[in-house]
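Read off the chains here:
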Amino acid sequence: MAETVTLWVYRGDQHGGEEKPYEVPLMPGMVVLDAVHWIQAHLAPDLAVRWNCKAAHCGSCSAEVNGRPRLLCKTRLDEFVKEGVPVHVRPMKTFPIIKDLVTDVSWNYRVMRQIPPFQPREPAPFTLYQRDVDRVQEFRRCIECFLCQDVCHVLREHHEQEHYFGPRFMARLAELEMHPMDAGDRVGFIRETAGVGWCNITHCCAEVCPEAIEITNNAIIPLKERVADRYWDPIRGLFRRFQKTAP
Ligand code: SF4
Ligand code: SF4
Ligand code: FES
């Protein structure tokens, strides 16, 4: 007889809900999203889950497995079976629930629209160094899964969405600020509106990022340094400004 695994899946909406058990036959290489699809096909056709690529590229299937923010399509079931622990699947806690495993992440898109866009520098710099391209390229890997937003305690526990944009958008701001062809100056915005000061460098966001973006070390800390230079060390701040605008 085929080995089975029991998934405890959250069923509910904004009015409340509970985890319900579903027994699923285990197949080689199965990921949590496969099991959720099996449940939809055989036991609960009204189970809501958001997904698209099933290849860890689109960032749609974000949820929490055993309390950790994860992509359902990148989370192998055998790791839990091997450990003999039950599998609990819940929606992301930081965002309002719509139904079952689907949350409303639209706040993130409203935040994105507030960020001043790329401003091309005229004339273009004479030399574009590979190391500058590589630095920005890391942030371009973001698939907007918002798992980092989900885990960040400033948003998750303290609900400071009014004051802090969260790690995904610190990465976006770093991408723009460090871009060698960008002439924008967002340092005041990063401090006042995006609220970089709310981050206390716990590194949790980087730990859950499926694209292994070093959000804290490579985005947030450099942004904090730029803010500190501008506001607390005006001479270094002027030097950085000159570096950015020099032809
Ligand atoms: S390092 Fe900062 S942004 Fe990342 S989870 Fe911690 S507080 Fe949030
Ligand atoms: S930075 Fe990483 S965890 Fe955050 S949204 Fe982008 S890919 Fe997802
Ligand atoms: S379905 Fe696209 S990332 Fe999981």
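Residues numbered from 1 in each chain as written. Chains lettered and ligands numbered in written order. Predicted model: local features only at pLDDT ≥ 70, side-chain atom pairs only at ≥ 80, totals over all residues. Heavy atoms only, no water.

> Residues and numbers for the overall build of the protein chain, please.
In terms of helices and strands, the protein chain carries 11 helices and seven strands. Expressed as lengths along the three principal axes of its C-alpha atoms, the size of the protein chain is roughly 70 × 35 × 30 Å. Put simply, the protein chain has 247 residues, and 48% of those count as buried. Partitioning the contacts of the protein chain with sequence separation of at least 6, the portion at a separation of at least 24 is 63%. Accessible surface, the protein chain: about 12,900 Å² in total, of which carbon and sulfur atoms supply 54%. (Helix = DSSP H or I, 4+ residues; strand = E, 2+ residues; numbered from the N terminus. Buried < 20%, exposed > 50% of the residue type's maximum accessible area, 1.4 Å probe, protein only. Contact = heavy atoms within 4.5 Å. Areas by Shrake-Rupley, 256 points an atom, 1.4 Å probe, with all protein chains shown as cover.)

> Break down the site of ligand 1 for me, citing the residues and quoting the values.
Around ligand 1, the structure places 14 residues, and the nearest of them are C152, Y164, C199, T202 and C205. Here the residues of the shell around ligand 1 sort into nine nonpolar, five polar and no charged. (Near = heavy atom within 4 Å. Nonpolar A, V, L, I, M, F, W, Y, C, P; charged D, E, K, R; others polar.)

> Go over the site of ligand 2 with me, naming the residues and quoting the values.
Taken together, C142, I143, E144, C145, F146, C148, R168, C209, P210, I213 and I215 form the complete shell of residues around ligand 2. Looking at the shell around ligand 2, its residues break down into nine nonpolar, no polar and two charged.

> So what's going on with the domain arrangement of the protein chain? Which residues, and what values?
Interfaces are often sized by the accessible area lost when the parts come together. Domains assigned within the protein chain are domain 1 (4-103) and domain 2 (106-245). In this assembly, domain 1 packs against domain 2 so that about 1,300 Å² is buried in total across both faces, 52% of it on carbon and sulfur atoms. In terms of surface lost to domain 2, no three residues of domain 1 exceed P69, T94 and F95, which account for 41% of the buried area on that side. At the boundary of domain 1 with domain 2, the tally comes to two salt bridges. E157 is the partner of K93 in a salt bridge, and the nearest nitrogen-oxygen pair spans 3.5 Å. Viewed at the interface, domain 2 and domain 1 are joined by seven residue pairs in polar contact (both at pLDDT 80 or more). The set of elements that each furnish at least two residues to the side of domain 1 that touches domain 2 consists of β3 (62-65) and β4 (68-71). The element contributing the most residues to the side of domain 1 that touches domain 2 is β4, with four residues. (Domains from an automatic or database assignment. Buried area = accessible area lost by both parts, 1.4 Å probe. Salt bridge = Lys/Arg side-chain N within 4 Å of Asp/Glu carboxyl O. Polar contact = N/O pair within 3.5 Å; in protein donor to acceptor, adjacent residues only side chain to side chain.)

> A description of helix α4 (residues 130-140) should follow, citing residues and the corresponding values.
Since one α-helical turn is 3.6 residues long, residues separated by three or four positions face the same way. Every buried residue belonging to α4 is among D132, V136, E138 and F139, and all of these are buried. The buried residues of α4 occupy one face: seen down the axis, they fall within an arc of 145 degrees. Along α4, the residues that are exposed and aim more than 90 degrees away from the buried face are Q130, R131 and R140. Buried residues belonging to α4 abut α7 (167-177) and α10 (215-232). (Arc of directions from axis to C-beta.)

> Tell me what's going on with unusual backbone geometry, and back it up with residues and numbers.
Residue P123 is reached from E122 by a cis peptide bond, and omega for that bond is -10 degrees. Checked against the element boundaries, P123 lands in the loop between α3 (106-114) and α4. Located in the positive-phi region is N66, a residue other than glycine, with phi close to 50 degrees. With respect to the helices, strands and loops of the structure, N66 is situated in the loop between β3 and β4. Using a relative accessible area of 32% as the deciding quantity, one classes N66 as partly exposed. In the Ramachandran plot, H159 falls in the positive-phi region, its phi being about 50 degrees despite a non-glycine side chain.

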